[in-house]
Amino acid sequence: MSTVENPGSAAGAGPEATSTRVVDVDVHEGYTSVRDLVPYLPDKWKKFITEYRWNGPPNPLPYGVPSPGGGTRMDWVPPEGTPMGSDIDALRRQLFDGEGVSVAILNGDFRISTLQGWYEFAVAAASAYNDWQIAHWLEPEPRLRGSIHVVAHDPASAAREIDRLGGHPQIAQVFLPAVNDREYGDPRYRPIFEAAVRNNLPVTLHHSGFTRTAIGYPRYFMEWHVAAIPQTMMCQMASLICNGVFDALPTLKVVMLETGITWIPHFMWRMDLHYRELRSEIPWVKRLPSEILRESLAVGTQPIEDLTKAEFMQLLDQMGTDRMLMFATDYPHWDADSPTRGLPPGVPDEIRHNILSGNADRVFSLT
């Protein structure tokens, strides 16, 4: 497979190695304990953790990850008793030095918007997490970029949080779990997207334990991992397009993470077909969905399907662009991809550059 090389690192040594900037758009930092957030909470909410023993957003996923590392890549398993992704020095060694990543965008594992109650507390917890992320990750490491975690159940508060932090130089995006009460095209959520555009930030969606297949949780983790995530992302993009979010907010960018990539042409073709047949139902949508997707959607490559160069180039041809794909490791999880092995061998340098960094630099305004 293709390789890249970070100056001073042997990670990318190989026949196709080049000195290349790499932007990793899906990195999962974590706290050592939810108590790490207590200093950042207003006094009236601290007791929810210290006395009521709230232990973080729930994860109803009925499976454990069938991986020896307990969900972590084996060579990234943290020291005994340390939660995965909670050590900034380990991240520096493993991601920046070991994998040659130049800039990493933090998404966390803090899906606070999935909380099915205590919404006022959830809003406070989201702000606390954001402030903790800035203090413990962004300020000590200039190569990191962060997310604004918000509570979609309260769009007005979410918009205020985006406006509060949107100007921070290391904040790169607004973060939402892929599943909430309703699809995100619902007008209820419009203030969140308006605030993101107002602050020149993309909105990023990532699955959580609440992500299900179209017919619920299957019996096995493998079934869930194959089907639930791309199905959910297709539903969200159809909702955003059909409800006219991109027509109302033409500069909006939406990022979808940890979905794989081979579903994109199928979705484009199907959306275009039904738009031609049924567009009288949605007269506010003025362009083919495929045109909207090429302009407004970006997708993280991880977990990238095993493709030959010919298959990969055919996929890009079917998509009609190489500007939608952005490299992602999914650090530190068990199925993480590497920039040294993430693309088939022989992919042209310009395309490899766009996927490894150029597209992310444009979407997140990094350069």
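Residues numbered from 1 in each chain as written. Predicted model: local features only at pLDDT ≥ 70, side-chain atom pairs only at ≥ 80, totals over all residues. Heavy atoms only, no water.

### Here we look at the overall build of the protein
What counts is decided by this rule: Under the DSSP-based scheme used, a helix requires at least four consecutive residues in state H or I and a strand at least two consecutive residues in state E, with every element numbered from the N terminus. Each residue is assigned to one of three classes by its accessible area relative to the maximum for its type, calculated with a 1.4 Å probe on protein chains only: buried under 20%, partly exposed between the two thresholds, exposed over 50%. We call two residues in contact whenever any of their non-hydrogen atoms come within 4.5 Å of each other. For the area figures, the Shrake-Rupley method with a 1.4 Å probe applies, and any residue is considered shielded solely by the protein chains shown.
In terms of regular secondary structure, the protein is built from eleven helices and eight strands. C-alpha extents for the protein along the principal axes are approximately 60 × 55 × 45 Å. Taken over 367 residues, the protein has a buried fraction of 58%. Taking the contacts inside the protein whose residues are at least 6 apart along the sequence as the reference set, 78% of them involve residues at least 24 apart. Split by element, the accessible area of the protein, about 15300 Å² in all, is 53% carbon and sulfur.

### Description of the sheet that holds strand β7 (residues 297-300)
Keep this limit in mind: The pairing criterion is simple: DSSP has to find at least two bridges between the two strands. Note on method: axes are straight lines fitted to C-alpha atoms, helices fitted across the in-contact stretch only, with angles between N-to-C directions ranging 0 to 180 degrees.
Overall, parallel pairing links the eight strands, which are arranged β1-β2-β3-β4-β5-β6-β7-β8 in an open sheet. Looking at which strands have only one partner, the edges of the open sheet turn out to be β1 (23-27) and β8 (325-326). Across four bridges, strand β4 (residues 171-177) lies against strand β5 (residues 203-206) in parallel orientation. Of the residues in β5, the one forming a bridge with Val174 is Val203. Seen against the sheet, helix α6 (residues 221-242) touches β5, β6 (254-257) and β7 and runs at an angle of roughly 170° to β6. Running at roughly 60° to β7, helix α9 (residues 289-296) makes contact with β6 and β7 of the sheet.

### A few points about the pairing of β4
Convention followed: Here the term right-handed applies to a crossover when the path leading from its first strand over the helix to its second strand runs clockwise, the strands being oriented away from the viewer.
In terms of burial, β4 is a largely internal element, seven of the seven residues being buried. For strand β3 (residues 144-149) and β4, the ladder comprises four bridges, and the chain directions are parallel. Residue Ile148 lies in a different strand from β4, and its bridge partner there is Val174. Taken together, β3, helix α4 (residues 155-165) and β4 constitute a β-α-β crossover, and its handedness is right-handed.

### A look at the layout of surface pockets
Put simply, the rule reads: Any residue with an atom within 4 Å of a point lines the site, the site being either a cavity, points on a 1 Å grid over the protein atoms alone where a 1.4 Å probe fits but cannot get out, or a pocket, an open set with protein on both sides within 12 Å along at least 5 of 7 lines. Grid points are joined across faces, edges and corners, and a volume is the space filled by probe spheres set on the points. Charged residues are taken to be Asp, Glu, Lys and Arg, nonpolar residues to be Ala, Val, Leu, Ile, Met, Phe, Trp, Tyr, Cys and Pro, and polar residues to be all remaining types, Gly included.
The computed volume of the largest pocket comes to approximately 860 Å³. The wall of the largest pocket is formed by 36 residues, among which Asn59, Met84, Asp109, Arg111 and His333 lie closest to the centre. The residue inventory of the lining of the largest pocket, partitioned by class, reads 14 nonpolar, 16 polar and six charged.

### Details of the state of the cysteines
Keep this limit in mind: By definition, disulfides here are pairs of cysteine sulfur atoms that lie within 2.5 Å.
Tallied over the entire structure, the rule returns zero disulfides. Cys235 provides the cysteine sulfur closest to Cys242, a residue in no disulfide bond, and the two sulfurs are 11 Å apart.

### Overview of the environment of Arg21
Note that Arg21 resides in the segment before β1. Of the residues examined, Arg21 reaches a relative accessible area of 30% and is grouped as partly exposed. In this structure the C-alpha to C-alpha distance between Arg21 and Leu356, which are 335 residues apart in sequence, comes to 7.0 Å. Once residues within four sequence positions are removed from consideration, Arg21 is found in contact with Ser102, Val103, Leu356, Ser357, Asp361, Leu366 and Thr367.

### With respect to a nonpolar patch on the surface
For clarity, the threshold we go by: The patches reported here contain residues having more than 30% relative accessible area and no salt bridge. Joining distances are 9 Å for like charges and 5 Å for nonpolar side chains (Val, Leu, Ile, Met, Phe, Trp, Tyr). Note on definitions: salt bridges are taken to be side-chain nitrogens of Lys or Arg within 4 Å of carboxyl oxygens of Asp or Glu.
Together, Tyr220, Met222 and Val226 give the surface a local cluster of nonpolar side chains, amounting to about 370 Å² of exposed area. Within the secondary structure, Val226 sits in helix α6. Using a relative accessible area of 56% as the deciding quantity, one classes Val226 as exposed.

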